[in-house]
Amino acid sequence: MEAGDQLTAALAALLEQARAAAQHSYSPYSGFRVGAALRLNDGTVVIGTNVENVSYGLTLCAERAALVQAVSRFGPTVRITAAAVANLNDAPSPPCGACRQVLAEFIEPDAPVVFPAADGTRVMAFRDMMPLAFDMKLDKRG
Ligand code: ZN
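Notes on the structure in this doc start here. (Residues numbered from 1 in each chain as written. Predicted model: local features only at pLDDT ≥ 70, side-chain atom pairs only at ≥ 80, totals over all residues. Heavy atoms only, no water.)

Regarding helix α2 (residues 62-74)
For α2, with 13 residues, the first-to-last C-alpha span of 18 Å sits near the 18 Å given by 1.5 Å per residue. Those residues of α2 that are buried are in contact with β1 (34-40), β2 (45-49), β3 (80-87) and α3 (97-103). Positive phi appears at glycine 75, one or two residues downstream of α2, with a value of about 95 degrees. (Helix = DSSP H or I, 4+ residues; strand = E, 2+ residues; numbered from the N terminus. Expected span 1.5 Å × (residues − 1). Contact = heavy atoms within 4.5 Å.)

Here it is in structure tokens:
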């Protein structure tokens, strides 16, 4: 990990909430049990878990499940200041590309994202994880 990307006590606690959320996973097809926890700008933590479907493409990741809950509870101006992803399978699970794109609209660019990587728990600033998110806002081009 680079300087500034440390697993602080607050991030470790967020990671534990993600692990707890993974206990609720609905993953009868893959058995991959994932949880996510998002810390919001007011300090609230919202959790989510993956919800699979027999029509596999309809599966919802834990990160997007948590984000949908955050917006549903707090409205469209909600901002994410930290995110954690965990799984109960002892496997690497950084947020997938779809989740990164969806998070990009609500997460602070410098928000730390903690997740299990092949070399252990990793913390990355969101901007380093998703440097070129799709964006149609004209004032952000160039
Ligand atoms: Zn995903």
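What about the coordination of the zinc ion?
For the zinc ion, the full set of protein donor atoms is Cys61 (SG), Cys96 (SG) and Cys99 (SG), and the range of their distances to it is 2.3 Å. Considered as a linear motif, the donors of the zinc ion on their single chain read C-x34-C-x2-C. Of the two residues, cysteine 61 is situated in the loop between β2 and α2 and cysteine 96 in the loop between β3 and α3; the sequence distance between them amounts to 35 residues. Given the relative accessible area of 31%, cysteine 96 is considered partly exposed. (Donors = N, O, S within 2.8 Å, 3.2 Å for Na, K, Ca; no water. Buried < 20%, exposed > 50% of the residue type's maximum accessible area, 1.4 Å probe, protein only.)

Considering the packing of aromatic side chains
All chains considered together, the criterion is met by 1 aromatic pair. Geometrically, the ring pair formed by tyrosine 29 and tyrosine 56 is tilted, given 5.8 Å between the ring centres and 45 degrees between the ring planes. Of the two residues, tyrosine 29 sits in the loop between α1 (9-22) and β1 while tyrosine 56 sits in the loop between β2 and α2, which places them 27 residues apart along the sequence. (Phe/Tyr/Trp six-rings, centres within 6.5 Å; stacked < 30°, edge-to-face > 60°.)

The values are spatial; any link to function lies outside them.
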